[in-house]
Amino acid sequence: MITSAKAATARPEPKTLKALNEALVADAPLVPGATKWVLGEGPIRSPIAFVGEQPGDQEDLQGRPFVGPAGRLLDRAMVEAGIARDRSYFTNAVKYFKFAQRGKRRIHQRPTAGEVRHYRWWPMKELEFVEPRIVVALGATAVLALSGKALSIARTRGEARFDGHLGFITVHPSSLVRIPAEDDRRRAYADFVADLRQIRSLSERDGAARAAAG
Ligand code: URA
């Protein structure tokens, strides 16, 4: 049986992140083929939660988010921006790898808007348990999951709000990996690091405001 957001809300409310994840993996994914569900990873109350699109080939094999090429680029940019990976939370709009088999290769297929809308209740609930200071949408699929709207990254890039969470919209690191010209790639990477620095300072500002409020 597949759980839509509507069906999920009809269930007893999960009391913990663990219970939420158990409820999610109890159902068959909408699209079959992935090796495993790739759940969110990182400490509860991480200052920053990153939300991506879906696990890729490496994430599917290892069962962890952001461990493939896009994750390595994100790691490098986070180090440059002074954000600690082990104090951050990582999750995805859709938690299984969708692909088309071409010979031995598994080619990434973007989840449809319908699939993202079907699953968006789950990351929103997950963030209620994680309680980050700031939620970062990496790319358009994450923006759709977090806001329920199909928005252009170019027009909305920067500070945002997602259902009461302080948010930030930026590009997906895999879009940087795919830029063919080195100069363009370098510029786009520098802009991404600048976004991460701003995200860090917004999370620090929010942390200081919460501390002052007691
Ligand atoms: N891309 C994503 O959006 N998420 C991952 O976990 C890996 C790559």
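Residues numbered from 1 in each chain as written. Predicted model: local features only at pLDDT ≥ 70, side-chain atom pairs only at ≥ 80, totals over all residues. Heavy atoms only, no water.

### Examining the site of the ligand
Moving on, step 1. Around the ligand lies a shell formed by G52, E53, Q54, P55, G56, E59, P65, F66, N92 and H172.
Moving on, step 2. The backbone of F66 places a nitrogen or oxygen atom 3.0 Å from an oxygen atom of the ligand.
Moving on, step 3. At a separation of 2.7 Å, an oxygen atom of the ligand approaches a polar side-chain atom of H172.
Moving on, step 4. Relative to its unbound accessible area of 240 Å², the ligand is 93% covered by the protein chains.
Moving on, step 5. The residue inventory of the shell around the ligand, partitioned by class, reads three nonpolar, five polar and two charged. (Near = heavy atom within 4 Å. Polar contact = N/O pair within 3.5 Å; in protein donor to acceptor, adjacent residues only side chain to side chain. Areas by Shrake-Rupley, 256 points an atom, 1.4 Å probe, with all protein chains shown as cover. Nonpolar A, V, L, I, M, F, W, Y, C, P; charged D, E, K, R; others polar.)

### Considerations on the environment of Q54
Moving on, step 1. Mapped onto the elements, Q54 comes out in the loop between β1 (48–52) and α3 (57–62).
Moving on, step 2. Assessed through its relative accessible area of 8%, Q54 is described here as buried.
Moving on, step 3. Each C-alpha atom of the pair Q54 and L151 lies 18 Å from the other, and the pair is 97 residues apart in sequence.
Moving on, step 4. In this structure Q54 touches N92, V94, Y96, F97, K98, H108, Q109, R110 and P111, once residues within four positions along its chain are discounted.
Moving on, step 5. In this structure the side chain of Q54 is engaged in a polar contact, spanning 3.2 Å, whose partner is the backbone nitrogen of K98.
Moving on, step 6. Looking at Q54, its side chain comes within polar contact range of the main-chain oxygen of Q109, at 2.8 Å. (Helix = DSSP H or I, 4+ residues; strand = E, 2+ residues; numbered from the N terminus. Buried < 20%, exposed > 50% of the residue type's maximum accessible area, 1.4 Å probe, protein only. Contact = heavy atoms within 4.5 Å.)

### A short note on the side chain of S46
Moving on, step 1. Within the secondary structure, S46 sits in the loop between α2 (17–25) and β1.
Moving on, step 2. Leave out the neighbours within four places in its chain, and S46 touches R87, S88, Y89, V130, E131, P132 and R133.

### Some words on the environment of D27
Moving on, step 1. With respect to the helices and strands, D27 occurs in the loop between α2 and β1.
Moving on, step 2. The class of D27 is buried, set by a relative accessible area of 9%.
Moving on, step 3. Once the C-alpha coordinates of D27 and F129 are considered, the two residues, 102 residues apart in sequence, prove to be 21 Å apart.

### A few points about the packing of helix α4 (residues 69–81) against helix α10 (residues 182–213)
Moving on, step 1. Viewed as axis vectors pointing N to C, α4 and α10 meet at an angle of 55 degrees, and their least axial separation amounts to 9 Å. The pairing of α4 with α10 is recorded here as oblique in orientation. When you trace α4 past α10, the crossing you get is right-handed. Side by side, α4 and α10 meet where L73, L74, R76, A77, M78, E80 and A81 of the first sit next to Y189, F192, V193, L196, R197 and R200 of the second.
Moving on, step 2. Here the residues of the contact of α4 with α10 are counted per class, giving nine nonpolar, no polar and four charged. (Axes fitted to C-alpha atoms, helices over the stretch in contact; angles between N-to-C directions. Parallel < 35°, antiparallel > 145°, perpendicular 65-115°, else oblique. Left-handed = near helix turned anticlockwise from the far one by under 90°.)

### A short note on the packing of aromatic side chains
Moving on, step 1. Applying the stated criterion across every chain, the model contains seven aromatic pairs.
Moving on, step 2. Look at W37 and Y119: their rings are 6.3 Å apart centre to centre, the planes differ by 75 degrees, and that puts the pair in the edge-to-face class. On the criterion of sequence distance, the pair formed by W37 in the loop between α2 and β1 and Y119 in helix α5 (residues 113–119) is long-range, its members being 82 residues apart. Each of the two residues, W37 as well as Y119, counts as buried.
Moving on, step 3. Between F66 and F90, the aromatic rings sit 6.1 Å apart at their centres with planes inclined by 55 degrees, giving tilted as the arrangement. With a gap of 24 residues between them, F66 in the loop between α3 and α4 and F90 in strand β2 (residues 88–92) connect regions that are remote in the sequence. As far as the burial class goes, F66 and F90 line up, both buried.
Moving on, step 4. In this structure an aromatic cluster arises from ring pairing among W37, Y96 and Y119.
Moving on, step 5. Sitting over the face of the ring of Y189, R76 holds its NZ or CZ atom 4.5 Å from the ring centroid.
Moving on, step 6. Here the guanidinium or amino end of R106 rests over the ring plane of F99, the centre of that ring lying 4.8 Å away. (Phe/Tyr/Trp six-rings, centres within 6.5 Å; stacked < 30°, edge-to-face > 60°. Lys NZ or Arg CZ within 6 Å of the ring centre and 35° of its normal.)

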